[in-house]
Structures are given as C-alpha cells and as structure tokens.
Amino acid sequence: MLACPGVHGLDLVIDAVEDTGAVTHLHTTAKIGQEVAQVVVRAAGRQTHGKGEHLRVTLQPHAVHLFSAKTGLRLPADETSV
C-alpha cells in the first residue's frame, strides 16, 4: 500500500465498484491494527478504480458517517466506540 508520511488517512483495498453515474461507491476493506473494517467511499462522478486496486483516502471529519456493526444504525458524531 502507498504511504504518505505526515498525512493521516486510510489505506484501502477495493472489493467492489458501484457506478451510478453521478457518484461512485467504492466498497473497500481497511486493515486497522489487527482489525478489518468495511469502508464505503462515495466519490463524485465516474471513477477509474477497479476491484483489487489499492486506494489511499484522507478524511474530512465533518463528512464521515459511522454505523454500528451490531445494529447497522448510524452512530452520533461524538460516539467513539462501535
């Protein structure tokens, strides 16, 4: 995976690409420590990324939405545990 020293972000592997035309949803997997998390990245327009590719994303905290793995419900912005 690519490393960008000094820039916080996630290294992802693309599992599936859902192209709707206006936006593309990249269904990815992130390894964080010993844990594996499913991450969906919403990108404007059509993307050229494909299954199996590596992708590094940086986050805009105000644009991140977290969901409980247990209930599937969206977590409040100030919630720190899943």
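(A) Just the overall build of the protein, in detail. Scanning the protein from terminus to terminus reveals zero helices and four strands. The order of α-helices and β-strands along the protein, N terminus first, is β-β-β-β. In the protein, which comprises 82 residues, the share counted as buried stands at 20%. Once local pairs closer than 6 in sequence are excluded, the contacts in the protein between residues at least 24 apart make up 34%. Carbon and sulfur atoms make up 56% of the accessible area of the protein, which amounts to about 6300 Å² in all.

(B) Up close: the sheet that holds strand β3 (residues 35–44). Sheet architecture is open: four strands sit in the order β3-β2-β1-β4, paired in antiparallel fashion. Since the sheet does not close on itself, it has two edges, and those belong to β3 and β4 (54–57), each with one partner. Across the sheet, the mean angle from the axis of one strand to that of its neighbour is 40°, orientation sign disregarded. Pairing between strand β1 (residues 10–19) and strand β2 (residues 23–32): seven bridges, direction antiparallel. Across the sheet, the residue bridging to isoleucine 14 is threonine 28, located in β2.

(C) Quick look at the nonpolar core. Core analysis: the biggest nonpolar cluster contains eight residues, these being Leu12, Ile14, Leu26, Ala30, Val39, Val41, Leu55 and Val57. Breaking this core down by element, the ones donating at least two residues are β1, β2, β3 and β4. Excluding its chain neighbours within four sequence positions, the residues that come into contact with leucine 26 are Ala16, Val17, Val39, Val40, Val41, His49 and Leu55.

(D) Fine view of the pairing of β3. Where β2 lies against β3, 10 bridges are found, and the strand directions are antiparallel. When the bridges of β3 are listed, histidine 25 appears paired with arginine 42. Between β2 and β3, which follow one another and run antiparallel, lie two residues, and glycine 33 among them has a positive phi close to 65°.

(E) Focus on the side chain of threonine 24. Looking at the secondary structure, you find threonine 24 in strand β2. Looking at threonine 24, the relative accessible area reads 1%, which means it is buried. For threonine 24, the side chain forms a polar contact with the main-chain oxygen of glycine 45, separated by 2.6 Å. Of the polar contacts made by the side chain of threonine 24, one reaches the backbone nitrogen of glutamine 47; its length is 3.5 Å. Threonine 24 has contacts with Val17, Glu18, Asp19, Val41, Arg42, Ala43, Gly45, Arg46 and Gln47, leaving out every residue within four places of it along the chain.

The rules behind these values
Residues numbered from 1 in each chain as written. Predicted model: local features only at pLDDT ≥ 70, side-chain atom pairs only at ≥ 80, totals over all residues. Heavy atoms only, no water. Helix = DSSP H or I, 4+ residues; strand = E, 2+ residues; numbered from the N terminus. Buried < 20%, exposed > 50% of the residue type's maximum accessible area, 1.4 Å probe, protein only. Contact = heavy atoms within 4.5 Å. Areas by Shrake-Rupley, 256 points an atom, 1.4 Å probe, with all protein chains shown as cover. Pairing = 2+ DSSP bridges. Axes fitted to C-alpha atoms, helices over the stretch in contact; angles between N-to-C directions. Core = buried A, V, L, I, M, F, W, Y, C linked by side-chain atoms within 4.5 Å. Polar contact = N/O pair within 3.5 Å; in protein donor to acceptor, adjacent residues only side chain to side chain.

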